[in-house]
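# Fold and contact review
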Amino acid sequence: MYKTIICAIEASDEGLEVLSKAHELSQIYNAKLFVTHIIPYTLLPKDYQKELKESALPSIEAKASSLGISKKDVTVTFGKPYEQICILAERKNADLIILGTHSKKGLHALIGSTANGVANYAKCDVSLIKI
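Cut-off values and rules
- Residue indices follow the written sequence of each chain, beginning from 1 at its first position.
- In keeping with the predicted nature of the model, local features appear solely for residues at pLDDT of at least 70, side-chain atom pairs appear and are counted solely at 80 or more, and the whole-chain, interface and lining totals rest on all residues.
- Think of the side-chain values as coming from all heavy atoms in the structure, minus any hydrogens and water.
- UniProt positions are given in the numbering used here, feature names are shortened, and annotations may be inferred rather than shown by experiment.
- Grouping buried Ala, Val, Leu, Ile, Met, Phe, Trp, Tyr and Cys residues that are joined through side-chain atoms within 4.5 Å yields what is termed a nonpolar core.
- Each residue gets one of three labels from its accessible area relative to the maximum for its type: buried under 20%, exposed over 50%, partly exposed in between, using a 1.4 Å probe on protein chains only.
- In this description a helix means any DSSP run of H or I spanning at least four residues, a strand means any run of E spanning at least two, and both kinds are numbered starting from the N terminus.
- Here, residues are in contact when the closest pair of their heavy atoms is within 4.5 Å.
- Under the convention used throughout, the expected extent of a helix is 1.5 Å for every residue step, that is, one less than its residue count.
- To be clear, the arc concerns the directions from the helix axis to the C-beta atoms.
- By the criterion applied in these results, polar contacts are pairs of N or O atoms within 3.5 Å in which, for protein atoms, one can donate a hydrogen and the other can accept it, and in which residues neighboring in sequence qualify only through two side-chain atoms.
- Each Phe, Tyr or Trp ring (for Trp, its six-membered ring) is paired with any other whose centre lies within 6.5 Å, and the angle between the two planes then decides the class: stacked below 30 degrees, edge-to-face above 60, tilted in between.
- As a reminder, the over-ring test applies to NZ of lysine and CZ of arginine, requiring each to be within 6 Å of the ring centre and within 35 degrees of the ring normal.
- Interaxial angles span 0 to 180 degrees and are taken between N-to-C directions of axes, which are lines fitted to C-alpha atoms, for helices over the stretch in contact.
- Reported orientations rely on four angle classes, namely roughly parallel under 35 degrees, roughly antiparallel over 145, roughly perpendicular from 65 to 115, and oblique for the rest.
- Note: crossing handedness is left-handed where the near helix turns anticlockwise from the far helix by less than a right angle, and right-handed where it turns clockwise.
- All residues other than Ala, Val, Leu, Ile, Met, Phe, Trp, Tyr, Cys, Pro, Asp, Glu, Lys and Arg, Gly among them, are scored as polar; the first ten of these are nonpolar and the last four charged.

The name given to the protein chain in an unreviewed UniProt entry is Universal stress protein, and the organism recorded there is Colwellia hornerae. Within the UniProt record for the protein chain, the comment given under Sequence similarities (unreviewed entry) is "Belongs to the universal stress protein A family." Per UniProt, the comment on the protein chain under Subcellular location (unreviewed entry) is "Cytoplasm".

### Concerning the nonpolar core
In globular proteins that are soluble, nonpolar side chains generally tend to be buried together. In terms of nonpolar packing, the biggest core is built from 21 residues, with Ile5, Cys7, Ile9, Leu19, Leu33, Val35 and Ile98 touching the most fellow members. Elements represented by at least two residues in this core include exactly strand S1 (4-8), helix H1 (13-29), strand S2 (32-39), helix H2 (46-66), strand S3 (74-78) and strand S4 (96-101). Once you skip the residues sitting within four places of it in the chain, Val35 turns out to touch Cys7, Ile9, Leu19, Ile60, Ala64, Ile69, Asp73, Val74 and Thr75.

### Re H1
Over its 17 residues, H1 extends 25 Å from the first C-alpha to the last, a length consistent with the 24 Å expected when each residue adds 1.5 Å. Of all the positions in H1, only Gly15, Val18, Leu19, Ala22, His23 and Ser26 are classed as buried. Seen from one end, H1 has its buried residues packed into an arc of 140°, which puts them on one side. For H1, the exposed residues lying more than 90 degrees away from the buried face are Asp13, Glu24, Gln27 and Ile28. Where H1 is buried, its residues meet S1, S2, H2, S4 and strand S5 (125-130). A distance of 3.3 Å separates the backbone nitrogen of Glu14 from a side-chain oxygen at the start of H1, and that oxygen is part of Ser12. Looking at the residues trailing H1, positive phi occurs at Asn30, about 55°.

### Considering the packing of aromatic side chains
Going through the model one piece at a time under the given rule, you end up with two aromatic pairs. Between Tyr2 and Tyr29, the aromatic rings sit 5.2 Å apart at their centres with planes inclined by 90°, giving edge-to-face as the arrangement. In this pair, Tyr2 is assigned in the segment before S1 and Tyr29 in helix H1, connecting sequence segments 27 residues apart. Tyr2 sits in the buried class, given a relative accessible area of 13%. Note on Tyr29: relative accessible area 30%, which makes it partly exposed. Seen from the ring of Phe34, Lys32 lies directly overhead, with NZ or CZ sitting 5.6 Å from the centre.

### Notes on the environment of Ile87
Checked against the element boundaries, Ile87 lands in helix H3 (residues 81-91). Taking relative accessible area as the criterion, Ile87 reaches 42% and is therefore assigned partly exposed.

### Notes on the packing of H3 against helix H4 (residues 113-121)
Orientation of H3 relative to H4, taken along the N-to-C sense of each, is 40°, at an axis distance of 8 Å. Relative to H4, the element H3 is oriented oblique. Helix-helix and strand crossings are classified by hand; for H3 and H4 the assignment is right-handed. The segment H3 lies against H4, with Pro81, Tyr82, Ile85 and Cys86 engaging Thr114, Gly117, Val118 and Tyr121. Considered class by class, the residues forming the contact of H3 with H4 number six nonpolar, two polar and no charged.

Laid out in structure tokens, this is it:
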């Protein structure tokens, strides 16, 4: 059913939880799994962006490697998270995006802002993992 899956994670234990579920699903469907982490800062000096990326990348790669996912299938980029996730999904011709969402109160009780953006703008299926 699914051939290409994008999993967007944070550099946290919760990110590993989301990635583990995405990996399990990719195994069930024999799908290619790409992992991404988006740093939501674009107006920072380039050298500081480089430092942020160099700080986040090893953690994301380690999470991926722990599940047997190749480092070449891992990306860390800058920008609006929902936009970058959707752009990557289109570029990779993904048919499923998986990401975590925190439970919140009030208007955002059902879905966080990044998850909401992805759900509204993605051209493929979106699966949310409650964390």
